[in-house]
Structure formats: structure tokens, C-alpha cells
Amino acid sequence: MKYISTRGQAPALNFEDVLLTGLAADGGLYVPETLPQFSAADIEQMAELDYPQLAQKIIAPFVSDCIPEADLEAILQSTYAEFRHDAVAPLVQLDHNQWVLELFHGPTLAFKDFALQLLGRLLDYVLERKHQKVVIMGATSGDTGSAAIEGCKRCNNIDIFILHPHGRVSDVQRKQMTTVVGDNIHNLAVQGNFDDCQAMVKSSFNDRGFLPADRRLVAVNSINWARIMAQIVYYFYAAVALGAPARKMAFSVPTGNFGDIFAGYLAQQMGLPIERLIIATNSNDVLHRVLTSGTYGRQSLEHTLSPSMDITVSSNFERLLFDLYQRDGAAIGDLMSRFDAGDISFSAAAMDRAKTLFSSCRVSDDETREQIAATWDRCEYMLDPHSAIGVKAALDCDLPASVPVVTLATAHPAKFPDAVKQAGLDEAPSLPHHLRDLFERPERCEVLPNELAAVQAFMAGNINA
Ligand SMILES: *Cc1c(COP(=O)(O)O)cnc(C)c1O
């Protein structure tokens, strides 16, 4: 499988190189040149497969020229053995045609584990074969950091440095990062805000001279293709469990950077009968505005009850645009350069294509609290604020009653106890058993001044892999 850039000016890469590359050299994102296709008969047969077996079926065509089947199988078995539920991604029914797909049974209680548990293992596998070691650097305000750290904790060829703003992440989220044990894991609490952390990561990628010459710097943010690839699997898994290919269904996806829902789009393009994909946003509604007005523009950031969806630009949206513009890389390059200067509008043809599959819904903090309370009231089921946005959007979309709607539950409510409390529930969410002692575990974290030189010097002096 070859991968090409959405802006058409960078060399095509194979899977191994795409795994180690972030942005393409032309500033675009890598996408597969073609997609594997699954017929109705193929999808019918998927009903026999458990989660890791299904993952193998879906992922193998994307990686087959780099990873032999038997090695891929071992990687996938070990990845999904980390999940604390036999079904890996279980479905829960809320109402006649309303379902929730629980994607929070991984080690850090958010759906990012699906991709990052796999990504760590794939990177380590490829590096081992190439006799190379790398440094991963990232900034986090929440879920990504802990999932990336957990995903890399057994990787011999990776040092991972995760920057978070000192004193500005929630207790659960900090503990989930700083209590993970491993010489290759480095938590850096920077005395600044999240934007300072992100700026340091950006500067470091632009000038990697502070690292030893033999260490490549790798990003694990949501533009990494392997993360999207891993997320395609659970769309097939849920749909087949609910009767695909005979029955079509819709998915409601709490959306920030458009990675998770883009994976749903790919599942549809690979043959899964999906009636509709619902983009559920909080008040940072750049995508809702695109769908309703055709205009793509930055607005200032709002801090909401669903912090993992607090974004102003949805980076993976470019991957969809590439298809909406019929894979015209030059057109995408032109659009994106104009976007850097201000709002842009998309062609009517592109918007018509988007609307055949996507719809959108914006959910406020008040509505989020109301939905958490209502679902608890009616089903005694506790939603986290991100998943509540998805459920609200699923209930508000006007699809025929015969179409089941599956909301992706992207985090466990115990990750966001404050939002649940604000919803007025008579019960607090409790951490799953494997994390019950989280608050007693010792923390390892380096507090550093808000200075690039200090962060880079710390990194250069603490490479252990
Ligand atoms: C990251 C995240 C999201 C948003 O996912 P995208 O792929 O960025 O759209 C939603 N919910 C939770 C809990 C997350 O951690």
C-alpha cells in the first residue's frame, strides 16, 4: 500500500515510512492511495471474528508490504489483551434504536487507547527491525498524553517525553501520566500553559539539533495515519454486531480533530453500509459551521465541559476535503494556504458530497449536563461529557426510526467526575477496578521552567532507551 499527501507535492511513502513521518513535506497529511474493499459477503463473514481477528482483517491490507501476517497477528493480540473487557468494544442499548459503543475499556479509559496501544507496538516493531531508536515528543492537555505514555511503556526503542502545563491538568489525568513506571517515560510539567507546551514541541520539530544525531524525533498526534487506521476497526465491529451488512446504521461521533469520525468515513468507503455520520461538537463548533454554512474559519477557543474536544482547527478534516475535492492535491494546497490568511469557503459540489453522508450538531455545556442527567434518569447509565454530546446529537438527528444510531462513548465518566457532579447525579462515577489505587501510586514528574532551552537540555540529558 502506498500513501500520498493531500497536497500532492510530497513523495509517496510505504506504511513503515508513513508511521515514522508526521506531516508530509508539502504540509499535507498522508492518506492511502487506494482503499481495500469489503463486499457484503466479506462483511457477513466478519460476524465470526473476535475483535483482534477483525482488526487483522481490516488492518492487514494497509500494512501487508511491511509486516508479515503472523507478526501483525501477534501485535494485535497483545494490543487488545490490554483492554479490560472481553468484547474490547462492547455495545450498550439505551433505547429502541439508540446504542452506545463503549470505547473506554483500555488502560487510560478513553478511546485513544485503541490507536495508541497499537501505535507504540508498531513503532517498536519497525524500529527493532531497522536497529533504530527514536524520541517521541508531545504536548497534552489531557487524554492523549496518558494514552501515548501507556502505549509506549514497554517499547525498548522509544523514549517518550510528554509536556503538560504544570498544575493545569485534572488530577486523574496527571496521575494517569505520572504513575506509569518506565525508564523511557518522561513527564515534564512546564511552568506555563498548554499553548507554551505546544509551541515548544513545534520549535523542537523545526530544529532537532538538540538531540543526538542518531535519534529521530517522532510525533504521535492525531494526524498520524496509524491512529486513524486502528479506529476503522470498531465501526465494522459495532455494525456487524447490529446486523450489517443487512442493516444500515448511523454513527454519532463526539468530534474534535476529526480523526475518529474520519475513520468512520473510511469504513463506509471500504464497503460498510453506513447511513449517516453525525459530527457532534461542543461550542468549539468549527465543523458544525462548515456543514451548515460551507465556511471554514478559526474562532477563539472556549473551555468547555468536554476538554478533549476543545479545538479551533480540526486538522484531520483536510483528509476528508481531499476526497470532497476528488483528490485534487493542488486545490487542497491552495485552499489551505488561503486558510492560513483567513476564512475560506468550499465549493457547492464539495459541500453537496459532504452532506450525502455527514450531518452535524452543536451541543452546549448546559445541554451536556442535561443529557448526562437524562440518560442517568432513564437508563441508570452514566455518560462522560464527551459521550453525552454524542448521545444528544444522536437523539436530535432526524433519521428514520428504523435506523439504529450508535454513539461512540469516547471516555469513561470517572475521567471527568466534575462534569458528572455538575449534572446533579446522586452518585459519583467510580474508577474501574484496575485504577482503584491510582491516587496512592507514586508519581514521577519533572517540573521545568517555561523555557525551551531548559526543556531541550533535560531531554538531551535523559535519553535512556
Ligand atoms: C480525543 C477525544 C475526542 C475527539 O476525538 P477526535 O479524533 O480528535 O475527533 C473525543 N472524546 C474524547 C474523550 C477524546 O479523548
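Keep in mind the model is a prediction, meaning the values are calculated, not measured.

(A) Spatial organisation of the site of the ligand. As a structural note, the neighbourhood of the ligand is formed by 15 residues, with K112, D143, G256, N257 and T410 the closest of them. In the model, an oxygen atom of the ligand is placed 2.5 Å from a nitrogen or oxygen of the D143 side chain. Contact distances for the ligand include 2.7 Å between an oxygen atom and a backbone N or O atom of N257. Starting from 390 Å² of accessible surface for the ligand in isolation, the protein chains cover 96%. Residues that form the shell around the ligand fall into these classes: 5 nonpolar, 7 polar and 3 charged.

(B) Seen up close, helix α18 (residues 452-461). Taken as a whole, α18 has its buried residues at V455, Q456, F458 and M459. Seen from one end, α18 has its buried residues packed into an arc of 160°, which puts them on one side. Exposed and facing more than 90 degrees away from the buried side of α18 are A453, A457 and G461. Turning to α18, the residues buried within the fold contact β5 (133-139), β6 (158-165), β7 (185-190), α8 (194-206) and β15 (446-448).

(C) Representation of the pattern of salt bridges. Applying the stated rule across the entire model yields 20 salt bridges. Residue D171 pairs with R174 through a salt bridge whose shortest N-O separation is 3.3 Å. Taken together, the residues D171 and R174, both in helix α7 (residues 171-178) and 3 residues apart, mark about one turn of the helix. The partly exposed category is assigned to D171, whose relative accessible area is 44%. Between D323 and R327 there is a salt bridge whose closest N-O contact spans 2.9 Å. What makes R327 partly exposed here is its relative accessible area of 33%. Overlapping salt bridges bring together D171, R174, K175 and E443 as one network.

(D) The UniProt feature "domain: Threonine synthase N-terminal" (unreviewed entry) in the chain, seen in detail. Following the UniProt record, one finds the feature "domain: Threonine synthase N-terminal" (unreviewed entry) at residues 2-80. The distance separating the terminal C-alpha atoms of residues 2-80 is 26 Å; by composition the span is 47% helix and 8% strand.

(E) How the structure looks around the packing of aromatic side chains. In this structure the tally under the stated criterion is 22 aromatic pairs. With a centroid separation of 5.9 Å and an interplanar angle of 40°, the aromatic rings of F258 and F358 are classed as tilted. Taken as a pair, F258 in the loop between β9 (249-254) and α10 (259-269) and F358 in strand β13 (residues 358-362) lie far apart in primary sequence, 100 residues in all. By relative accessible area, which is 1% here, F258 ends up buried. With a centroid separation of 5.8 Å and an interplanar angle of 35°, the aromatic rings of Y296 and F346 are classed as tilted. Of this pair, Y296 sits in strand β11 (residues 295-296) while F346 is found in the loop between β12 (344-345) and α14 (348-357), placing the two residues 50 residues apart along the sequence. Relative accessible area serves as the criterion here: at 8%, F346 is assigned to the buried category.

(F) Region of the structure containing the UniProt feature "modified residue: N6-(pyridoxal phosphate)lysine" (unreviewed entry) in the chain. UniProt annotation of "modified residue: N6-(pyridoxal phosphate)lysine" (unreviewed entry) refers to K112 when read in the numbering used here. In this structure, K112 sits in helix α5 (residues 112-130).

(G) Layout of the pairing of β6. Most of β6 sits inside the fold, with 8 of its 8 residues counted as buried. Alternating positions in β6 separate into two faces, I158, I160, I162 and H164 on one and D159, F161, L163 and P165 on the other, with burial throughout. With 6 bridges connecting them, β5 and β6 associate as parallel partners. The residue of β6 that forms the bridge with I136 is I160. Traced from β5 through helix α6 (residues 143-152) to β6, the parallel crossover comes out right-handed. Examined bridge by bridge, β6 and β7 share 6 bridges and lie parallel to one another. Along β7, the bridge assignment pairs L163 with L188. In the classification by handedness, the crossover that spans β6, the intervening α7 and the parallel β7 is right-handed.

(H) View of the sheet that holds strand β10 (residues 274-281). Reading across from one edge, β3-β4-β14-β9-β10-β13 is the order of the 6 strands in this open sheet, with mixed pairing throughout. The open sheet is flanked by β3 (91-95) and β13, the only strands paired with a single partner. Averaged over all pairs of adjacent strands, the angle between their axes in this sheet comes to 25°, without regard to strand direction. In this sheet, strand β14 (residues 405-409) lies alongside β9 in parallel orientation, the contact comprising 3 bridges. By the bridge assignment, F251 is partnered in β14 with V406. Contacting β9, β10, β13 and β14, α10 crosses the sheet at an angle of about 170° to β10.

(I) Representation of the packing of helix α12 (residues 317-324) against helix α13 (residues 329-341) in the model. In the contact formed by α12 and α13, the axes pass within 9 Å of each other and the chain directions differ by 135°. The orientation of α12 with respect to α13, classified from their angle, is oblique. In terms of crossing hand, the pair formed by α12 and α13 is right-handed. In this structure, α12 contributes E318, L321 and F322 to the contact, and α13 contributes G329, I332 and M336. Each residue belonging to the contact of α12 with α13 can be placed in one class, and the counts come to 4 nonpolar, 1 polar and 1 charged.

The rules behind the values
Residues numbered from 1 in each chain as written. Predicted model: local features only at pLDDT ≥ 70, side-chain atom pairs only at ≥ 80, totals over all residues. Heavy atoms only, no water. Near = heavy atom within 4 Å. Polar contact = N/O pair within 3.5 Å; in protein donor to acceptor, adjacent residues only side chain to side chain. Areas by Shrake-Rupley, 256 points an atom, 1.4 Å probe, with all protein chains shown as cover. Nonpolar A, V, L, I, M, F, W, Y, C, P; charged D, E, K, R; others polar. Buried < 20%, exposed > 50% of the residue type's maximum accessible area, 1.4 Å probe, protein only. Helix = DSSP H or I, 4+ residues; strand = E, 2+ residues; numbered from the N terminus. Arc of directions from axis to C-beta. Contact = heavy atoms within 4.5 Å. Salt bridge = Lys/Arg side-chain N within 4 Å of Asp/Glu carboxyl O. UniProt positions renumbered as here; feature names shortened; annotations may be inferred. Phe/Tyr/Trp six-rings, centres within 6.5 Å; stacked < 30°, edge-to-face > 60°. Pairing = 2+ DSSP bridges. Right-handed = clockwise from strand over helix to strand, strands pointing away. Axes fitted to C-alpha atoms, helices over the stretch in contact; angles between N-to-C directions. Parallel < 35°, antiparallel > 145°, perpendicular 65-115°, else oblique. Left-handed = near helix turned anticlockwise from the far one by under 90°.

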